[in-house]
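Geometric and topological summary
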Amino acid sequence: MSRFDTRRSDWLVVFALAWMMGLIAVPIAWAQEVVVQNDSVTDFGDVGIVGGFVTGEEGGAWLTSPCNGAIIEVQILWLAALPGVPHLGNNIWIREAGAFPVPGAVMQQLEGPVLQAGGLNLFRTVDEFGAELNVPVLENQTFSLTLEFGEATDPITGSVVRDIDGCQSGKNVLFATPGGWLDFCLVLAGDLVFRAVIDCTVPPGACCRSDGVCVDDVEPDACTDAGGEFQGSDSVCDDITCPEPLQACCFPPHDCLNLQSSICIGATGFPQGPGTRCDLIECFPAGACCLPDGSCLDGVTPEQCDQLAGSFQGNETTCAGVECPQPLGACCKSNGFCLEMIETDCDVIPNSRWPGPATDCEDVDQDGIADACMVTCGDPSQDVDGDCDVDLDDYDQFMGCISQPSEDAGPLCICADIDGDGDVDLHDYFEFANSFTGAGPGCP
């Protein structure tokens, strides 16, 4: 048995070039995957190629799992001084720890591994059929990982690699022919680059959501991604008291703190409800409110505006700075024609009147006149608008109905047709003038 352990800094050139050419496949690990290793090779620095193995010999490392999980990948660094040919190994063995340096029972056999010179060789299958490597391990469990060489090796054509900062006792093994299992540190000047990837899958457990609700059987990442706090693997909500969530707490006049509801109330604040935050709300807002009749009120809270069926225009707005939408209503022509529009537009149309907001041109009784346009004469009848006086408002409506003798005044001018002859003429005007009182106090 002969051993070649060659350390040369120019192996770095081979190593770095191979990496840049893509021969070294560095896996993108999942969040739960952990690489376990004894070696200190991190930046493709000075390394040593360990040759002199013969067919059937083994070399490798004893590794320890950091978690409950499974071995899902084996990594072996293989370099050569010159472009080497692939090495066909007999097997990669994963065994229980046993009594160092002698390993225990076989946990998994990876058949016929092919090792390429130039970088890390990654193995995730156990045979030519593609069965995935999956060896269960426990936290702090030590296991043996070795390569059984299929042919002799040397630094020129390729072999396994070690680091250069010393060999750790109890972590590197050699099965020699002859000699059997040995502590490789007796002849080795560094730790072999044999690594395993452990899938440290964390079992689900209870998750305290941001709203204080506890949910069972949640994966840790899912809990965290949702803004919750994972309570530990295999935990259950029956054993968990989730903290009361924070919410916006308002203090007059406009201050805000994110506090638990009970603390907010105890501090004489006003809790704003689950899920609220101070950066998303305005404490004690007040502003302009547009009412259904088109008028506006200043200094109204959103709640007060809602109670008035109005539209809140925003915090710190004023009626002087907003334009409230004007309501529609029926615009009634003296001839019975009706059109829905705002009051100011109706005022432009001659011989028309606007009975009020929210009125319409619907004719429920089918008498040919919109119900909102029906006229109820006051007492006297010259009181066209029914406010218990005969003033200029009545005059304006009277003049809108005046017509030529024997000309039909229209159904909306019946109050102006004082003599009842079907038209509104000078005879009716004289009667109107005699009844004119001017603006009065209104109806009792």
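Look up: the structure comes first, before these words.
Residues numbered from 1 in each chain as written. Predicted model: local features only at pLDDT ≥ 70, side-chain atom pairs only at ≥ 80, totals over all residues. Heavy atoms only, no water.

1. Details of the state of the cysteines
The line we're drawing: Disulfides are defined as cysteine sulfur pairs within 2.5 Å. By definition, any uninterrupted DSSP run of H or I lasting at least four residues is a helix, any uninterrupted run of E lasting at least two residues is a strand, and each is numbered from the N terminus.
Inspection of every chain in the model, using the stated rule, returns 14 disulfides. Sulfur-sulfur distance for the disulfide between Cys 167 and Cys 185 comes to 1.9 Å. As the torsion about the S-S bond is roughly -75°, the Cys 167-Cys 185 disulfide counts as left-handed. Placement of the pair is Cys 167 in the loop between β13 (159–162) and β14 (172–176) and Cys 185 in the loop between β15 (180–183) and β16 (194–199), with a sequence separation of 18 residues. The disulfide bridge from Cys 208 ends at Cys 242, spanning 1.9 Å between sulfur atoms. Where Cys 208 bonds to Cys 242 through sulfur, the torsion about that S-S bond is close to -85°, and the disulfide is left-handed. Placement of the pair is Cys 208 in strand β17 (residues 205–208) and Cys 242 in the loop between β19 (229–233) and β20 (246–251), with a sequence separation of 34 residues.

2. Observations regarding the sheet that holds strand β27 (residues 338–341)
To keep it simple, the criterion reads: Two strands pair if DSSP finds at least two bridges between them.
Spatially, 3 strands are ordered β27-β26-β28 in an open sheet, and the strand pairing comes out antiparallel. Looking at the sheet topology across the chains shown, the edges are occupied by β27 and β28 (352–353). Direction of pairing for strand β26 (residues 329–333) relative to β28: antiparallel, over a ladder of 2 bridges. Across the sheet, the residue bridging to Cys 332 is Arg 353, located in β28.

3. A word on the sheet that holds strand β25 (residues 311–312)
Pairing in this open sheet of 3 strands is antiparallel, and the strands run β24-β23-β25 from one edge to the other. Bordering the open sheet on either side are β24 (296–300) and β25, each of which pairs with just one other strand. The sheet contact formed by strand β23 (residues 287–290) and β25 spans 2 bridges and is antiparallel. Bridged to Cys 289 within β25 is Phe 312.

4. Let's talk about helix α6 (residues 392–401)
The condition that has to hold: Only protein chains enter the accessibility calculation, which uses a 1.4 Å probe; a residue whose area is less than 20% of its type maximum is buried, one above 50% is exposed, and one in between is partly exposed. Arc definition: it is the arc formed by the directions from the helix axis to the C-beta atoms. Contacts are assigned to residue pairs with any non-hydrogen atoms lying within 4.5 Å of each other.
Those residues of α6 not exposed but buried are Asp 394, Phe 398, Gly 400 and Cys 401. Taken around the axis of α6, the buried residues stretch over an arc of 160°, which confines them to a single face. In α6, those exposed residues whose orientation departs by more than 90 degrees from the buried face are Leu 392 and Asp 396. Where α6 is buried, its residues touch α7 (426–435).

5. Considerations on the nonpolar core
Just so we agree on the cut-off: Among buried residues, those of type Ala, Val, Leu, Ile, Met, Phe, Trp, Tyr and Cys that are joined through side-chain atoms within 4.5 Å constitute a nonpolar core.
Residues Ile 71, Val 74, Ile 76, Ile 94, Leu 147, Val 160 and Ile 198 are the most contacted members of the largest nonpolar core, which totals 33 residues. Counting only elements with at least two residues in this core, the list comes to β4 (58–64), β5 (69–79), β7 (91–96), β11 (135–137), β12 (142–148), β14 and β16. If one sorts the elements of this core by residue count, β5 sits on top with 4 residues. Excluding residues within four positions of it along the chain, Ile 71 makes contact with Ile 94, Leu 133, Asn 134, Val 135, Val 137, Phe 143, Ala 196, Val 197 and Ile 198. If you look at the next biggest cluster of nonpolar residues, it comprises 8 residues, including Val 47, Ile 49, Leu 79 and Val 161.

6. A closer look at the packing of aromatic side chains
To be explicit about the condition: Aromatic contacts are taken between Phe, Tyr and Trp rings whose centres are within 6.5 Å, Trp giving its six-membered ring; a plane angle under 30 degrees counts as stacked, one over 60 as edge-to-face, and the others as tilted.
Summed over all chains, the structure comprises 9 aromatic pairs. Ring centres 6.1 Å apart and planes at 80° place the aromatic pair Phe 53 and Phe 184 in the edge-to-face group. Taken together, the residues Phe 53 in the loop between β3 (48–51) and β4 and Phe 184 in the loop between β15 and β16 connect sequence positions 131 residues apart. By relative accessible area, which is 1% here, Phe 53 ends up buried. A centroid spacing of 6.4 Å and a plane angle of 40° characterise the contact between Trp 78 and Phe 149, whose relative ring orientation is tilted. Taken together, the positions of Trp 78 in strand β5 and Phe 149 in the loop between β12 and β13 put the pair 71 residues apart, joining distant regions of the chain. Its relative accessible area of 1% is what places Trp 78 among the buried residues. Exposure remark for Phe 149: the relative accessible area of 0% places this residue in the buried category. An aromatic cluster is present here, built from Phe 53, Trp 78, Phe 149 and Phe 184 joined pairwise through their rings.

None of the figures reported here should be taken as evidence of function without further support.
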